[in-house]
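These are the residues of each chain, in order.
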Protein chains: 2
Amino acid sequence: MEPRTCQVELGENSYEIRIGEGVLDSAGAEIRSIYTGKKALVLTDENVYALYGGRLQAALAGVGIRPVFKIVPPGEGHKTMQTLAEILSALAGGGFTREELLIAFGGGVPGDMGGFAAACYMRGIRYVQIPTTLLAQVDSSVGGKTGVDLPEGKNLAGAFWQPRLVLADTDVLATLDDRQFASGMAEVIKYGCIFSKELFGLLEEYPDREKLQKKLPDVICRCCELKRDVVQRDEKETGERMLLNFGHTFGHAIEKLGGYETHTHGEGVAMGMVLAAHTGERLGLHGPKEAERIAALCQSFGLPVKPPYPVTEIPKLAAIDKKAEADGVKLILLNGLGKAGVYPMPLPRFEALMQEVEQG
Amino acid sequence: MEPRTCQVELGENSYEIRIGEGVLDSAGAEIRSIYTGKKALVLTDENVYALYGGRLQAALAGVGIRPVFKIVPPGEGHKTMQTLAEILSALAGGGFTREELLIAFGGGVPGDMGGFAAACYMRGIRYVQIPTTLLAQVDSSVGGKTGVDLPEGKNLAGAFWQPRLVLADTDVLATLDDRQFASGMAEVIKYGCIFSKELFGLLEEYPDREKLQKKLPDVICRCCELKRDVVQRDEKETGERMLLNFGHTFGHAIEKLGGYETHTHGEGVAMGMVLAAHTGERLGLHGPKEAERIAALCQSFGLPVKPPYPVTEIPKLAAIDKKAEADGVKLILLNGLGKAGVYPMPLPRFEALMQEVEQG
């Protein structure tokens, strides 16, 4: 099957996302279409390198691009300024010029760090994203957000820097374990909830990993298009783009209650989306069906839908998380499936609502 | 005297450079005109803090801005990724939000690092430059170049990030020692050489530090205007902006021959400008007067004009420095005082010319 293409229009920073089975093996020709140089620094992690490093190397060699691999240990714990400095030194030590290329190859960690290194090296070089997790394919392919964590918090250092090309191979998702795959699905379901009843309905038609497999290129492409449209309408992240946080305010609080080790990001988001739907129901924004359908769809992909904590603990944590806003928390709630809005929520009202939800 | 103002027009990134005696003491009101917040992180070094920290603190307190000082050791040796990480943690640890401000207060090192930290923190916050050396006032106030050094080379990591305001106090230059002042003067003389016969003539009228003192606001403002005009015409640094490297290709080679400890940057540039003028003379681009007048002006400000090395050693070092260009070195040479051009120079021709210059 021919890969799908999602075109991201950002003037001179426009680029294509190519999505499909085996896109990794045609990475050479794809990259050659935007780069005439002879070498590329490939940032990846040990796991991705072991599984797919050889295939990327072969694809690049086929068009005369010599990869210089910079391989970092896997995991968010290495998404640091220290690792960033190492990547920059790998570029400098490898004699990379301003005209040469970086390829970020892996999940969110190599993606975010590789993009940031490209933004910083010699005040900015070109880079290509090859995301290898479902979460990275639907979430990081659009928006140009790059960065690293500081000891004080996640993603506190970074840059907006657009890739020249994104290659999302749906075959490589086969080596994700079920929990990693489900974590990405929570974001996919989110796009359906806030922007597209049709996407949500499609997921309900193919309600597990095996059934969805053949539909993945279409589904990932649709998510990228939906995110692209909102990012293009709201580049500065002031208004509509906030809708992408649906489920996340609740989800972050749940992740925090679990000490960040108990739940994956997607698991937090899944529980958060269901809670947001219960909240919208209490406020009369929609009926009871929304929470039921979101919960059923999440569960069919193996995602939890009920936090193992009293939900009354959530408002205070959410308020701390968003401390910049003095007048309470801005909740993203649905106005029915496929439509969402921003609802400012003073803390006492939020707490009363969670008490109602807790009591069922 | 009222401060001079140089307006830098960059669309939504436009800003003013305010230049004059005592501008530091009016920093509060000046900053209040572009910032409504209550605190600011002030990046500075131990020397600048000891001399002027109290005055800046008082100026900010006068308008209700509380400074949080991050004080780093002085010197280029601390312009590293490690120090950058510390500055970012100071911002995060101090609870700074995306809407708050960084002030870079000092010479080129706090200026470059502070600007880079502002570019990176939360993917970009506002910053104000308060340059306290002559070199920083004429060189770093315009262009938006920020960055740190890597072990592999200078300024290899960074970003283009524009300040919201630049405050250049000519009084604080009084505490520069003569050698530091002269180093900045080399860049001032450079602007005259390449862009303005009038500026060059003015400097000849006030040919030492004491005589020039009262003219400094005008002279610094003129340098900023000249740099602004070329940067606005050539934002991407492909053509005309290269002229700013007059004296620098020779100068870097001389600095390298001295092991980077013997000569200041400005001393290298001064010797480099005189050598460039001798080269232009050999090529018939202008007569012998240019080299004589540049040498006399440099010497009157205490700058050396003749490198203590055989100049025949320069071409190979310059070629290594500019290794990206296969077909030799692009020399910036004068077409008379106040006018410059780019002259591609194959290595053998360059070597032959230096042999002629060496033999006088």
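Since the model is a prediction, treat every value here as computed from it, not as a measurement. Residue indices follow the written sequence of each chain, beginning from 1 at its first position. To label them, take the chains in the order written and letter them from A, then take the ligands in the order written and number them from 1. pLDDT decides what is reported in this predicted model: residues at 70 or higher carry local features, side-chain atom pairs at 80 or more are listed and counted, and totals for whole chains, interfaces and linings draw on all residues regardless. Water and hydrogen atoms were dropped before computing side-chain values, which therefore reflect all heavy atoms in the structure.

Colleague: Provide a residue-level description of the overall build of chain A, including the pertinent values.
Modeller: Regarding its fold elements, chain A presents 14 helices and 11 strands. We compute the radius of gyration over the C-alpha atoms and compare it with the globule rule, which gives 2.2 Å times the number of residues raised to the power 0.38. Compactness check: chain A gives a C-alpha radius of gyration of 20 Å against a globular reference of 21 Å for 360 residues, within 12% of the reference. The principal-axis extent of the C-alpha atoms belonging to chain A is close to 65 × 45 × 35 Å. Taking all 360 residues of chain A together, 56% fall into the buried category. Computed with the Shrake-Rupley method and a 1.4 Å probe, the accessible areas treat only the protein chains shown as cover for residues. Of the roughly 14200 Å² that chain A leaves accessible, carbon and sulfur atoms contribute 50%. Taking the 39 positively charged and 47 negatively charged side chains of chain A as two groups, their mean positions are separated by 3 Å. What counts as a helix is a DSSP run of H or I of at least four residues, what counts as a strand is a run of E of at least two, and both are numbered from the N terminus. Each residue's exposure class comes from its accessible area (1.4 Å probe, protein chains only) as a fraction of the maximum for that residue type: buried when under 20%, exposed when over 50%, partly exposed otherwise. His residues and chain termini do not enter the charge count, which takes Lys and Arg as positive and Asp and Glu as negative. We put the charge of a Lys on NZ, of an Arg on CZ, of an Asp on CG and of a Glu on CD.

Colleague: Tell me what's going on with the pattern of salt bridges, and back it up with residues and numbers.
Modeller: All names here are of chain A. A pairing counts as a salt bridge when a side-chain nitrogen of Lys or Arg comes within 4 Å of a carboxyl oxygen of Asp or Glu. Evaluation of the coordinates by the stated rule reveals 40 salt bridges over all chains. Close ionic contact of D169 with R55 constitutes a salt bridge, the shortest N to O distance being 3.8 Å. Here D169, found in strand β9 (residues 165-169), pairs with R55, found in helix α2 (residues 46-61); they are 114 residues apart in sequence, far enough to count as distant. Looking at D169, the relative accessible area reads 2%, which means it is buried. For R55, a relative accessible area of 31% corresponds to the partly exposed category.

Colleague: If you had to explain the confidence of the model for chain A to someone new, which residues and values would you point to?
Modeller: The predicted model of chain A averages 94 in pLDDT, with 97% of residues at 70 or higher. Predicted complex, confidence summary: ipTM 0.93, pTM 0.94. Scored between 0 and 100, pLDDT is the confidence that the predictor attaches to each residue.

Colleague: So what's going on with the relation of the copies chain B and chain A? Residues and values would help.
Modeller: Note on the chain copies: they are related by a rotation about an axis and a translation along it. Each copy of the sequence occupies a distinct position, and chain B is placed on chain A by a rotation of 180° and an axial shift of 0.0 Å, giving an RMSD of 0.0 Å. Each copy turns onto its partner about a two-fold axis. Comparing interface residues between copies, 100% of those in chain B also lie at the interface in chain A; the contact surface is shared. In this comparison the copies share one frame, found by least squares on the C-alpha atoms of residues holding pLDDT of at least 70 in both. Contacts between residues were defined by any pair of non-hydrogen atoms, one from each residue, lying within 4.5 Å.

Colleague: Can you break down the pairing of strand β7 (residues 145-150) of chain A residue by residue, with the values?
Modeller: Residues and elements named next belong to chain A. Of all the 6 residues making up β7, 5 are buried; the element is thus mostly covered by neighbouring parts of the structure. Where β7 meets strand β8 (residues 153-160), 5 bridges bridge the pair, whose relative direction is antiparallel. If you follow T146 over to β8, its bridge partner there is A159. DSSP calls a pair of strands paired once it identifies at least 2 bridges connecting them. The turn joining β7 and β8, which pair antiparallel and follow one another in sequence, is formed by 2 residues.

Colleague: I'd love a proper account of unusual backbone geometry, names of residues and values included.
Modeller: Here N155 of chain A, not a glycine, exhibits a phi torsion of approximately 55°, which is positive. Residue placement: N155 of chain A occurs in strand β8.

Colleague: Before we move on, could you go through the pairing of strand β2 (residues 15-20) of chain A and cite the residues and values that matter?
Modeller: Residue and element names in this part refer to chain A. Among the 6 residues of β2, 5 are classified as buried, and the element is accordingly described as predominantly covered. Inspection of the sheet shows strand β1 (residues 4-8) paired to β2 by 5 bridges, in the antiparallel sense. Residue V8 lies in a different strand from β2, and its bridge partner there is Y15. With antiparallel pairing between neighbouring strands as the criterion, β1 and β2 make up a hairpin whose turn holds 6 residues, including G11 at a positive phi of roughly 60°.

Colleague: Quick rundown of the packing of helix α6 (residues 178-195) of chain A against helix α7 (residues 197-205) of chain A? Include the residues and the values.
Modeller: Residue and element names in this part refer to chain A. The axes used here are C-alpha line fits, helices contributing only the stretch in contact, and every angle between their N-to-C directions lies in the interval 0 to 180 degrees. In the contact formed by α6 and α7, the axes pass within 6 Å of each other and the chain directions differ by 135°. As summarised for this structure, α6 and α7 are arranged oblique, according to the angle between their axes. Here α6 contributes M185, V188, I189, Y191, G192, C193 and F195 to the contact with α7, which in turn contributes K197, L199, F200 and L203. Amino acids are sorted into nonpolar (Ala, Val, Leu, Ile, Met, Phe, Trp, Tyr, Cys and Pro), charged (Asp, Glu, Lys and Arg) and polar (every other residue, Gly among them). For the contact of α6 with α7, the per-class residue count stands at 9 nonpolar, 1 polar and 1 charged. With respect to orientation, any angle under 35 degrees is reported as roughly parallel, any angle over 145 as roughly antiparallel, any angle of 65 to 115 as roughly perpendicular, and every other angle as oblique.

Colleague: Give a detailed account of the sheet that holds strand β4 (residues 66-72) of chain A, specifying residues and quantitative values.
Modeller: Residues and elements named next belong to chain A. With mixed pairing, 7 strands are arranged side by side in an open sheet as β1-β2-β9-β6-β5-β3-β4. At either margin of the open sheet sits one strand with a lone partner, and together these are β1 and β4. Direction aside, neighbouring strands of the sheet carry axes that sit 20° apart on average. Alignment of β2 against β9, held across 5 bridges, turns out to be parallel. Directly across from I19, in β9, lies its bridge partner A168. Packed onto the sheet, α2 meets β3 (39-45), β4, β5 (101-106), β6 (126-131) and β9 and runs at close to 160° relative to β3. Helix α4 (residues 108-120) rests against β3, β4, β5 and β6 of the sheet, and its axis sits at about 165° to β5.

Colleague: Talk me through the sheet that holds strand β2 (residues 15-20) of chain B; I want residue IDs and the actual numbers.
Modeller: All names here are of chain B. Strand order across the open sheet formed by 7 strands is β1-β2-β9-β6-β5-β3-β4, with mixed pairing between neighbours. The open sheet is flanked by β1 (4-8) and β4 (66-72), the only strands paired with a single partner. Within this sheet the neighbouring strands show an average axis-to-axis angle of 20°, counted without direction. Sheet analysis places strand β3 (residues 39-45) next to β4, joined by 7 bridges and oriented parallel. Looking across to β4, one finds that K39 is bridged to R66. Its contacts with the sheet put helix α9 (residues 216-233) on β1 and β2, and the angle it makes with β1 is roughly 10°.

Colleague: Break down helix α11 (residues 265-282) of chain A for me, with residues and values.
Modeller: Residue and element names in this part refer to chain A. Multiplying 1.5 Å by the helix residue count minus one yields the expected span of that helix. Compared with an ideal rise of 1.5 Å per residue, which puts 18 residues at 26 Å, α11 spans 26 Å between its outermost C-alpha atoms and is within 8% of the ideal. Burial runs high along α11: 14 of the 18 residues are buried. Count one or two residues on from α11 and you reach G284, which has phi positive near 75°.

Colleague: So what's going on with the interface of chain B and chain A? Residues and values would help.
Modeller: Each partner contributes residues to the interface: chain B has 26 residues there, and chain A has 26 residues. A 1.4 Å probe defines the accessible area here, and the buried area is the portion of it lost by two parts on being joined, summed over both. For the pair chain B and chain A, the summed buried surface comes to about 2200 Å²; carbon and sulfur atoms form 61% of the total. Taken as a group, M81, R123 and L156 of chain B account for 29% of the area that chain B buries against chain A, more than any other trio of residues on that side. Between the two partners, chain B and chain A, sit 0 salt bridges. Throughout this description, a polar contact denotes any pair of N or O atoms lying within 3.5 Å of each other; where both atoms belong to protein, one of them has to be capable of donating a hydrogen while the other can accept it, and for residues adjacent in sequence the pair is counted only when both atoms sit in side chains. Run the count over chain B and chain A and you get 8 residue pairs in polar contact (both at pLDDT 80 or more). Of all the elements in the fold, those that place two or more residues in the side of chain B that touches chain A are α3 (81-93), α4 (108-120), β7 (145-150) and β8 (153-160) of chain B. At 7 residues, α3 of chain B tops the list of elements feeding residues into the side of chain B that touches chain A.

Colleague: Help me get a handle on the packing of helix α7 (residues 197-205) of chain B against helix α12 (residues 289-300) of chain B, residues and values and all.
Modeller: The geometry of a pair of packed helices is captured by two quantities: the angle between their axes and the separation between those axes. Residue and element names in this part refer to chain B. Direction vectors running N to C along α7 and α12 enclose 45°, while the axes themselves pass 10 Å from each other. When the axis of α7 is compared with that of α12, the two are oblique. In this structure, α7 meets α12 at a crossing whose hand is left-handed. The residues of α12 that touch α7, namely those facing F200, L203 and E204, are R293, I294 and L297. Each residue belonging to the contact of α7 with α12 can be placed in one class, and the counts come to 4 nonpolar, no polar and 2 charged. Each helix crossing is assigned a hand: it is left-handed if the near helix lies turned anticlockwise from the far helix by less than a right angle, otherwise right-handed if that turn is clockwise.

Colleague: Go over the side chain of H286 of chain A, please, and point to the residues and values.
Modeller: All names here are of chain A. Note on placement: H286 falls in the loop between α11 and α12 (289-300). For H286, a relative accessible area of 10% translates into the label buried. Those residues in contact with H286 that sit more than four places away from it in its chain are A277, G280, E281, L334 and G336.

Colleague: An account of the packing of aromatic side chains is needed here, citing residue identities and associated values.
Modeller: Aromatic contacts are taken between Phe, Tyr and Trp rings whose centres are within 6.5 Å, Trp giving its six-membered ring; a plane angle under 30 degrees counts as stacked, one over 60 as edge-to-face, and the others as tilted. What the rule picks out here adds up to 4 aromatic pairs over all chains. With 4.9 Å between their ring centres and 70° between their planes, Y49 of chain A and F69 of chain A make a pair best called edge-to-face. Here F69 of chain A lies in strand β4 and Y49 of chain A lies in helix α2, a separation of 20 residues in the sequence. Look at NZ for Lys and CZ for Arg. If either is within 6 Å of the ring centre and within 35 degrees of the ring normal, a charge sits over the ring. Stacked on the ring of F160 of chain B, the Lys or Arg R123 of chain A has its end atom at 5.9 Å from the ring centre. Here the guanidinium or amino end of K190 of chain B rests over the ring plane of Y191 of chain B, the centre of that ring lying 5.0 Å away.

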